[in-house]
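# A look at the structure
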Amino acid sequence: MSDRPFQSRKPRFQRPHGKPGRRDPQARRPNFEIDTTILYGWHPIAEALRNGKRTIRRLLATENSARRLSEELDAPLPIEPEIVRPDEINRLLEPDAVHQGLYAEADPLPSPSVDTLSGKRVVLALDQITDPHNVGAIVRTAAAFDVEAIITTARHSPAATGVLAKSASGGLEHVPFMIVRNLGDTLTALGKLGFQRIGLDSSGEVSLDEIEISLPVVLVLGSEGKGLRQRTRDCCDVIGRLDMPGAIKSLNVSNAAAVCLYAVVKGASRSARK
């Protein structure tokens, strides 16, 4: 996994009046440590400031955005913002990033482990889903369905920062990431703890709505193109599929996550009431 805070294209630098020119030596991206979380945009930063577990190291804001933050939170900000012009934030981000006049550098949130998961809420595992926009959308959905944690691998997964955080629209503050070296080993360990392990794949042997779901449970989603890897499939108790009556038989992984989480959370809730 890259030690950059987000996947980036080569930045564009401009002369003072917006004309293309030579690289500005003062417009370099900061040399972030691997443990720095980059947040930008209204919802990610507003939710981070509301989150008592999140430590903000630095907050940059335009004058209007700083005023709006104070009014929205209706409380003193936990850190004094540095008032800057929008182009000062532009220099720190990808060319197309929509930062809405807000940018922050923060510590990562505490991460759960196999042993600290309560098993009282659904856990989600992502098998090498690499697109940060898709993962961010999944995080937002996971927050809506009160998912306890999202398990991802240290490699072939986007970091919980930058583009992913923006796409999650504040959801990153409510669903912790559990980053593991080997997903198969982690699923095996969860199985020993009594977790029901449900994989999702278009070739699944049973429809998801036919699976009797009970807590503790972990739902496993495969990558955008290849789906679940063979070892991941082997470590699941059942591979479910989504049966769709329309002409389109497949969904984007973030859309599939929303449908599946609804079904799994509802199924687990029914089981808990029995």
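As the structure is a prediction and not an experimental result, all values here were calculated from the model.

## Let's talk about the overall build of the protein
The number of helices and strands found in the protein is eight helices and eleven strands. Taking all 274 residues of the protein together, the buried fraction comes to 47%. Pairs at least 24 apart in sequence give 76% of the contacts found in the protein among residues at least 6 apart. Total accessible area on the protein is roughly 14,800 Å²; 47% of this is exposed by carbon and sulfur atoms.

## Describing the sheet that holds strand β4 (residues 102–106)
Here we have four strands laid out as an open sheet, ordered β1-β4-β2-β3, and mixed in their pairing. Where the open sheet ends on each side, the last strands, each with one partner, are β1 (37–40) and β3 (82–83). Of the strand pairs in this sheet, strand β2 (residues 56–61) and β4 are connected by five bridges, and their pairing is antiparallel. Opposite L59, over in β4, you have A104 as the bridge partner.

## Examining the sheet that holds strand β11 (residues 238–241)
In sheet architecture, strand pairing relies on hydrogen bonds along the backbone and comes in two forms, parallel and antiparallel. Overall, parallel pairing links the seven strands, which are arranged β7-β6-β5-β10-β8-β11-β9 in an open sheet. The open sheet is flanked by β7 (177–180) and β9 (206–207), the only strands paired with a single partner. Summarising the sheet, strand β5 (residues 123–127) and strand β10 (residues 217–222) pair through five bridges and their orientation is parallel. Bridge pairing in β10 links V123 to V218.

## Re helix α2 (residues 63–73)
Looking at α2, one finds that the buried residues are S65, A66, L69 and L73. Viewed end-on, α2 has its buried residues packed into an arc of 100°, placing them on one side of the element. Across α2 from its buried face, at more than 90 degrees, point the exposed residues E63, N64 and E71. Of the surrounding elements, those touching the buried residues of α2 are α1 (42–50), β2, β3 and β4. At the C-terminal side of α2, D74 shows a positive phi close to 50°.

## Let's talk about the nonpolar core
Membership of the largest hydrophobic core comes to 50 residues, with the highest contact counts inside it found for L69 and L124. Per element, the largest residue contribution to this core is seven residues, and it comes from helix α8 (residues 253–273). Both domains that meet at this core, namely domain 1 (37–106) and domain 2 (114–272), each give it at least three residues. Setting aside chain neighbours within four positions, we find L69 in contact with W42, I45, A46, L49, L59, L77 and L102. Within the second largest apolar cluster, 18 residues are counted, among which are V123, A149, L187 and C236.

## Here we look at the pairing of β5
Of all five residues in β5, five are buried, a share of seventy percent or more. Of the two faces of β5, the one holding V123, A125 and D127 and the one holding L124 and L126 are both buried throughout. In this region the chain leaves β5, passes through helix α4 (residues 132–144) and returns to the parallel neighbour strand β6 (residues 149–153); the handedness of that crossover is right-handed.

## Section: the confidence of the model for the protein
Detailed reading of the predicted coordinates is not advisable wherever pLDDT falls low. The predicted model of the protein averages 86 in pLDDT, with 87% of residues at 70 or higher. Across residues 1–33, where pLDDT falls below 50, the model places 53 contacts with residues more than four positions away in sequence or in other chains.

What counts, and at which threshold
Residues numbered from 1 in each chain as written. Predicted model: local features only at pLDDT ≥ 70, side-chain atom pairs only at ≥ 80, totals over all residues. Heavy atoms only, no water. Helix = DSSP H or I, 4+ residues; strand = E, 2+ residues; numbered from the N terminus. Buried < 20%, exposed > 50% of the residue type's maximum accessible area, 1.4 Å probe, protein only. Contact = heavy atoms within 4.5 Å. Areas by Shrake-Rupley, 256 points an atom, 1.4 Å probe, with all protein chains shown as cover. Pairing = 2+ DSSP bridges. Arc of directions from axis to C-beta. Core = buried A, V, L, I, M, F, W, Y, C linked by side-chain atoms within 4.5 Å. Domains from an automatic or database assignment. Right-handed = clockwise from strand over helix to strand, strands pointing away. pLDDT = per-residue confidence, 0-100.

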